[in-house]
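# Coordinate inspection notes
Next come the chains, spelled out residue by residue.
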Amino acid sequence: MIAAHTVFCKAKYPLPGGKPGVLRYDPPAMRVLGLETSCDETGVALFDTETGLLGEALHSQVDLHALYGGVVPEIASRDHLRRLLPLIRQVLDETGVDRPDAIAYTAGPGLVGALMVGAGMANGLGAAWGCPVVPVHHMEGHLVAPMLEDDPPAWPFLALLVSGGHTMLVWVEALGRYRVLGSTLDDAVGEAFDKTAKLLALGYPGGPALAALAEGGDDQACALPRPMLNRPGFDFSFSGLKTAVMLKVREAEEAGCIEEARAGIAASFQRAAVDTLIGRTLKAARAQHAERIVVAGGVGANRLLRAELAAAFDGTVHYPRLRFCTDNGAMIAVAGALRLNDAEEPATIRATARWSLEALTAPGVNGQGHG
Ligand code: KG4
Ligand code: ZN
């Protein structure tokens with residue numbers, strides 16, 4: 001598991017086992033509570049730096065937002081507020097732990113109102129329990145999620161981060177040492193899945209439903225573009241693919257055969273999106289001489305992407321388990337455990353809507369480049 005950390009605590013709050021006023025503490029093990037509230041999932045988990053994940057709980061707000069066809073920020077914040085404390089209680093009760101040794105929370109990027117619920121709760125509980133808090137970058141959480149698995153990736157690795165808001169290829173030298181090789185010029189791939197699903201009347205968020213519909217369809221049914229595959233560099237673009245799908249849907253509707261065509265359109269879209277992701281990822285892996293690839297973020301749950309990338313790449317491909325591909329508290333708890341050197345006094349509430357992954361530094365170096 002993750003090695004015990006030497007914590008340099010800037011806080012006046014002593015770490016557990018430490019004496020007041022003692023700033024340096026070498027804990028044998030730290031139990032880190034992770035809180036995720038950046039978007040539409042309320043996630044809570046307890047992670048032990050020696051024994052691993054102790055427990056976790058998740059509440060999805062999908063049903064609340066489905067009515068509106070997308071996330072409504074105000075509704076998201078209110079629901080996080082309602083759910084967070086009961087979920088924390090549940091995880092502590094289930095694991096038989098009175099209080100954690102540190103609290104990690106998602107400090108950004110994300111919806112500010114939603115982030116503030118987690119940030120306020122983490123700092124409030126940190127002050128009450130006298131334990132340090134660790135602000136975590138949401139995408140760093142996704143990056144380290146595969147470390148919860150039995151065969152965690154070693155540094156360095158190439159990461160393909162694919163979620164509803166991001167599509168990025170990142171060269172990860174070590175924790176906090178990131179170089180973004182490419183990202184999307186327009187829509188994120190998860191967004192393209194969601195918009196295509198909407199066109200096919202699959203509701204919100206449509207990624208999983210679209211993937212399910214695609215299983216029964218012919219992926220050669222429609223000719224769709226593989227955007228950017230022949231361009232230099234490692235950037236992505238998904239808006240052309242989205243427009244091409246829109247035209248296919250319109251054609252089928254006008255021909256009166258949309259019902260029969262839906263599965264084929266879904267399968268052809270999924271195939272085009274996956275081919276694009278894999279083509280760019282393999283190219284970046286060759287350029288970096290990567291031996292390991294990590295796929296993280298919600299679209300990392302896509303079975304076609306998982307199977308095809310593993311088959312096409314010579315080295316090892318690491319994924320979090322399906323449940324930890326989408327937003328969850330466990331990835332924030334692990335990232336917090338790795339960043340205990342960035343623990344803060346529970347008085348600084350950080351909620352940063354836009355926060356570049358490349359602004360991060362190694363743990364213990366100059367904070368975390370908060371915007
Ligand atoms: O990482 P995530 O939970 O939230 C963000 O940080 O955005 O990712 C959510 C995205 C949504 O766009 C959702 O449709 C997509 O991940 N997604 C999938 C699948 N499961 C979730 N896309 C394709 N196939 C899936 N199986
Ligand atoms: Zn996410």
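Residues numbered from 1 in each chain as written. Chains lettered and ligands numbered in written order. Predicted model: local features only at pLDDT ≥ 70, side-chain atom pairs only at ≥ 80, totals over all residues.

### Details of the overall build of the protein chain
Our working definition: Strands are runs of DSSP state E lasting at least 2 residues, helices are runs of H or I lasting at least 4, and numbering of each runs from the N terminus. We call a residue exposed when 12 or fewer other C-beta atoms sit within 10 Å of its C-beta, buried when the count reaches 20 or more, and partly exposed for counts in between; the C-beta positions come from the backbone. A pair of residues counts as a contact when their C-beta atoms, built from backbone coordinates, are separated by no more than 7 Å.
Helix and strand counts for the protein chain stand at 10 helices and 12 strands. Its C-alpha atoms give the protein chain principal-axis dimensions of roughly 75 × 45 × 35 Å. Out of the 371 residues in the protein chain, the part that is buried amounts to 53%. Counting only contacts in the protein chain whose residues sit at least 6 apart along the sequence, the fraction spanning at least 24 positions is 72%.

### Here we look at the domain arrangement of the protein chain
Keep this limit in mind: Domains are outlined according to an automatic or database domain assignment. Only Asp, Glu, Lys and Arg are considered charged in this grouping, and only Ala, Val, Leu, Ile, Met, Phe, Trp, Tyr, Cys and Pro are considered nonpolar; every other residue, Gly among them, is considered polar.
When its domains are assigned, the protein chain resolves into domain 1 (7–147 + 326–359) and domain 2 (154–319). Centre-to-centre separation of domain 1 and domain 2, based on C-alpha positions: 29 Å. Each partner contributes residues to the interface: domain 1 has 14 residues there, and domain 2 has 20 residues. Elements supplying a minimum of two residues to the side of domain 1 that touches domain 2: α1 (62–66) and α4 (138–144). Grouping the constituent residues of the side of domain 1 that touches domain 2 by class yields 8 nonpolar, 5 polar and 1 charged.

### A look at the nonpolar core
Inside soluble globular proteins, nonpolar side chains tend to come together where they are buried. Spelled out, the test is: Put simply, a nonpolar core is buried Ala, Val, Leu, Ile, Met, Phe, Trp, Tyr and Cys residues tied into one set by C-beta atoms within 7 Å.
Ranked by size, the top nonpolar core spans 112 residues in total, and within it Ile103, Ala104, Tyr105, Ala159, Ile293, Ala333 and Val334 carry the most contacts. Considering every element that reaches this core, the biggest residue donor is helix α8 (residues 258–288), with 12 residues. Here Val334 is in contact with Phe47, Val144, Met147 and Leu148, once residues within four sequence places are set aside.

### Thoughts on the environment of Pro135
By the secondary structure assignment, Pro135 is in strand β7 (residues 133–137). When the C-alpha atoms of Pro135 and Gly34 are compared, they prove to be 9.9 Å apart, with 101 residues separating the residues in sequence.

### Brief notes about the sheet that holds β7
Quick note on the threshold: Two strands make a pair as long as DSSP finds a minimum of two bridges between them. For helices, the fitted axis covers only the stretch in contact; all axes are lines through C-alpha atoms, and the angles between them, taken along N-to-C directions, range from 0 to 180 degrees.
Taken in spatial order, the 5 strands make up an open sheet running β5-β4-β3-β6-β7, and their pairing is mixed. Two strands lie at the open edges of the sheet, namely β5 (52–60) and β7, each paired on one side alone. Neighbour-to-neighbour, the strand axes of this sheet turn through a mean angle of 20 degrees, independent of strand direction. Inspection of the sheet shows strand β4 (residues 41–48) paired to β5 by 8 bridges, in the antiparallel sense. Along β5, the bridge assignment pairs Val44 with Ala57.

### Some words on unusual backbone geometry
A cis geometry characterises the amide bond from Gly108 onward to Pro109, with omega recorded as -15 degrees. Between Trp155 and the following residue, Pro156, the backbone shows a cis peptide bond with an omega angle of -10 degrees. Along the polypeptide, Pro156 turns up in the loop between α4 and β8 (157–162). One non-glycine residue, Ala201, adopts positive backbone phi at about 60 degrees. You can see Ala201 is positioned in the loop between α5 (189–199) and α6 (207–215). We note that His289 has phi near 55 degrees; this positive angle belongs to a residue other than glycine. Take His289: it is sitting in the loop between α8 and β11 (292–296).

### A look at the sheet that holds strand β10 (residues 177–183)
In spatial order, the strands read β10-β9-β8-β11-β12; together these 5 strands make up an open sheet with mixed pairing. Each end of this open sheet is capped by a strand with a single partner; those strands are β10 and β12 (316–318). The mean inter-strand angle of the sheet, taken between neighbouring strand axes irrespective of direction, is 25 degrees. Of the pairings in the sheet, the one linking strand β9 (residues 167–174) to β10 comprises 6 bridges and is antiparallel in character. For Val170, the partnering residue across the bridge sits in β10 and is Val180. Lying over the sheet, α8 contacts β8, β9, β10 and β11, oriented at roughly 160 degrees with respect to β8.

### What to know about the packing of α5 against α6
The packing of two helices is summarised by the inter-axis angle and the distance between the axes. Note the threshold: By the definition adopted for this analysis, an angle is roughly parallel if under 35 degrees, roughly antiparallel if over 145, roughly perpendicular if from 65 to 115, and oblique otherwise. What makes a crossing left-handed is the near helix being turned counterclockwise from the far one by less than a right angle; a clockwise turn instead makes it right-handed.
Where α5 meets α6, the axes come as close as 8 Å, and the angle between the chain directions of the two elements is 70 degrees. On the basis of the axis angle, α5 is roughly perpendicular to α6. In this structure, α5 meets α6 at a crossing whose hand is left-handed. Facing α5, whose interface residues are Gly190, Phe193, Asp194, Thr196 and Ala197, α6 presents Gly207, Ala209 and Leu210. Partitioned by chemical class, the residues of the contact of α5 with α6 number 4 nonpolar, 3 polar and 1 charged.

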